Amino acid sequence: MRGVYLIAVLLCAAFALAVPSARAQDQAPPSVGQPSAAEPGPPLPAVDPVVALIRTKLADPILRRGANPDDLAALETFYKAGAGGPLWMTDMGLSAKGLRALSEIAQADDWGLAASAFDLPSEGELPANPEAEALAEVKIDLAILKYARFARGGRLNPLDLDDKLDQVPPVRDPNAVLAEITASDEPDSYLRSLHPKHEQFARLRQALLKVRGKDEDGGQGETSAKPVNDRDIKHIIINMERWRWMPETLGSIYVWNNSPEFMLYVVKDGKTIYADKTLVGTSKYATPVFDADMTSIIFNPDWIAPETVLVENLLPPLRDRNYSILKVHKLSVSYNGKPIDPTSVDWGRVNIKAFTFTQKGGPDNVLGKVKFWFPNKHTVYMHDTLAYRKKYFGKPMRAIGHDCVRMEKPENFADVLLAEGKGWSAAQVKEQWDNGVNSSVTLDRPIPVHMTYFTVVVDDRGKVSTFADLYGFDRKVANALFGDTTGFPPPPPDNSGPEEQASASSSSGSRPATSHNDIAGSLDAFIGD
């Protein structure tokens, strides 16, 4: 027995020694190259069942049809990252924030938009189930992002309407809109803040409310003595839309050219400090709409004939070996920077656009005494004009020549711009005016130039002024916005050519223009650009 007992004691001791060794082996770090068992991480948060349904709805082809792809992508990212519940809906219907957002969108007409463009859930309807709640949430999301895009000018692409409308609306990124409106306690105020801050936009909105018989807050105001005119309403909305296409900030000082008004303004800190009459292009050579920075002013500039003049005015007589037009207008010809004899060229076989035709600065230069340069792809600028054209500043219709802009008092305009952009005195400007020869003065501070097409403008007393649809752009916007051009007829045909040619020919002593064989007349039809 004692032997058996001794054996049992020894076995227990051996087992006791083996157990710690095994535990130590279990707790020892794995040797290099051996994988360790993965430790379980923290549990993933449970996805709200309505949010899960929202993710499914956003993938539904039927829902996606007609929705903006960028808006859908932003919502997919937003709801994939979010761990909370819906933003706008509860199982009892719209949340307080949802009600505010929906109410603001429903008043879109008061801002020149159309409430009918937004698919909104019913305000008082209770969702029948989580799926209905998810669908209502997505509807509000898509309406919010669409409203934000429309408020910033994304309802239309101006360039799709006409290549002269060279503007890119400042549409806000939908991801930023979602982040900002989620963080806001007042989504209605946030949506209102997306509309343009420009004073003219605010005045046009007031004019719109007034013609609809509403007050500033959109409530019922004084009834207009005149019956509501659908065309007047559309006219205001068209011009509000144009302000949505403008840059958000125009500049602390800027030049505002408004082609239909035949006027230019210099605006500083919101106040007009200078105004002048302008001549703009005819409907055939419409002055484009765009924004650029004025960088320099050139006194007594040379003029280089643009492509339209080369092809339309110079090539026909040169092909007939009639070189008088070059002599009359003192045009020199060069190729690759080297002067050439134009009579040595067979103009019927070469590309005239490869040649440069230059008119030196002087009293007969078509740019006059000064050129205001703001680089742009349209090669459009502002400049003085010849003496015989000054009479057109006294006429109400001032669409004359090609697409550049000419002003009545260029020296005064230069005084203002060089005082602001260079710190110059009027005496310094006069010195350049009198003695500069193709002399370029670079502005220390570039000045924004806004080439615009506003046919409705409201002054600080609320007076509404309207201008003719010079190039038919109102008609194109009306068709795109309303699907109807009633009240917006096409512009009259461009018939300024014959009068211009006759006037120019008379002033230069040439015979009346009948064809391109009237050499002086053929270029004089262009002069002023």
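Just above, that's the structure.
Rules of the game
- Residues numbered from 1 in each chain as written.
- Predicted model: local features only at pLDDT ≥ 70, side-chain atom pairs only at ≥ 80, totals over all residues.
- Heavy atoms only, no water.
- Phe/Tyr/Trp six-rings, centres within 6.5 Å; stacked < 30°, edge-to-face > 60°.
- Buried < 20%, exposed > 50% of the residue type's maximum accessible area, 1.4 Å probe, protein only.
- Lys NZ or Arg CZ within 6 Å of the ring centre and 35° of its normal.
- Pairing = 2+ DSSP bridges.
- Helix = DSSP H or I, 4+ residues; strand = E, 2+ residues; numbered from the N terminus.
- Contact = heavy atoms within 4.5 Å.
- Axes fitted to C-alpha atoms, helices over the stretch in contact; angles between N-to-C directions.
- Parallel < 35°, antiparallel > 145°, perpendicular 65-115°, else oblique.
- Left-handed = near helix turned anticlockwise from the far one by under 90°.
- Nonpolar A, V, L, I, M, F, W, Y, C, P; charged D, E, K, R; others polar.
- Expected span 1.5 Å × (residues − 1).
- Polar contact = N/O pair within 3.5 Å; in protein donor to acceptor, adjacent residues only side chain to side chain.

Asks: How should the packing of aromatic side chains be read in this particular structure?
Replies: What characterises a pair of aromatic rings is the spacing of the ring centres plus the angle enclosed by the ring planes. Taken as a whole, this structure holds 17 aromatic pairs when the rule is applied. Relative to Y79, the ring of F78 lies with its centre 5.2 Å away and its plane at 85 degrees, an arrangement referred to as edge-to-face. Here F78 falls in the partly exposed class, since its relative accessible area comes to 24%. Since its relative accessible area comes to 3%, Y79 is described here as buried. Above the ring of F118, the side-chain terminus of K146 is found at 5.8 Å from the ring centroid. The ring centre of W111 lies 3.7 Å from the NZ or CZ of R205, which sits over that ring.

Asks: Whenever I open this one, the sheet that holds strand β11 (residues 370-373) confuses me. Can you help?
Replies: Strand pairing within a sheet occurs via backbone hydrogen bonds; the two strands may be parallel or antiparallel. An order of β3-β4-β5-β13-β12-β11-β6-β14 is seen for the eight strands of this closed barrel, with the pairing classed as mixed. As defined by bridge partners, β11 adjoins strand β12 (residues 382-383) across two bridges and the pair is classed as antiparallel. Looking across to β12, one finds that K371 is bridged to H383. This element, helix α14 (residues 410-421), spans β3 (253-258), β4 (263-268), β5 (271-279), β6 (290-299), β11, β12, β13 (405-407) and β14 (439-452) of the sheet and lies at about 105 degrees to β14.

Asks: For this particular structure, what's the right way to read the packing of helix α6 (residues 130-151) against helix α8 (residues 174-183)?
Replies: Helix packing for two helices is described by the angle between their axes and how far apart those axes are. Orientation of α6 relative to α8, taken along the N-to-C sense of each, is 115 degrees, at an axis distance of 10 Å. Compared by their axis directions, α6 and α8 come out roughly perpendicular. In terms of crossing hand, the pair formed by α6 and α8 is right-handed. In contact with I144, L145 and A148 of α6, α8 contributes P174, V177, L178 and I181. A per-class count over the contact of α6 with α8 returns seven nonpolar, no polar and no charged.

Asks: Help me understand the environment of P306, please; the structure alone is not making it clear to me.
Replies: Topologically, P306 is positioned in the loop between β7 (303-304) and α12 (307-319). We classify P306 as partly exposed; its relative accessible area is 27%.

Asks: Help me understand α6 in this model?
Replies: Think of an α-helix as turning once every 3.6 residues; residues three or four places apart then point the same way. For α6, built from 22 residues, the straight-helix expectation of 32 Å at 1.5 Å per residue is met to within 8% by its first-to-last C-alpha distance of 31 Å. α6 sits mainly inside the fold: 16 of its 22 residues count as buried. Its side-chain oxygen 3.2 Å from the backbone nitrogen of E131, N129 forms the N-cap of α6.

Asks: Sorry if this is basic, but what is going on with the pairing of β4 here?
Replies: Across a regular strand the side chains alternate sides, sitting on one face of the sheet and then on the other. For β4, the buried fraction is high: five of the six residues fall into the buried class. Where β3 and β4 come together, six bridges link them in antiparallel fashion. From the neighbouring strand, N257 faces β4, where its bridge partner is L264. Hairpin remark: β3 followed by β4, antiparallel, with four residues in the connecting loop; positive phi at F262, about 55 degrees. Two strands pair when backbone bridges link them, and β4 and β5 are joined in this way by six bridges, in the antiparallel orientation. By the bridge assignment, V266 is partnered in β5 with Y274. Two successive antiparallel strands, β4 and β5, enclose a turn made up of two residues, where D269 displays a positive phi of approximately 50 degrees.

That's the geometry; what it means functionally is another story.
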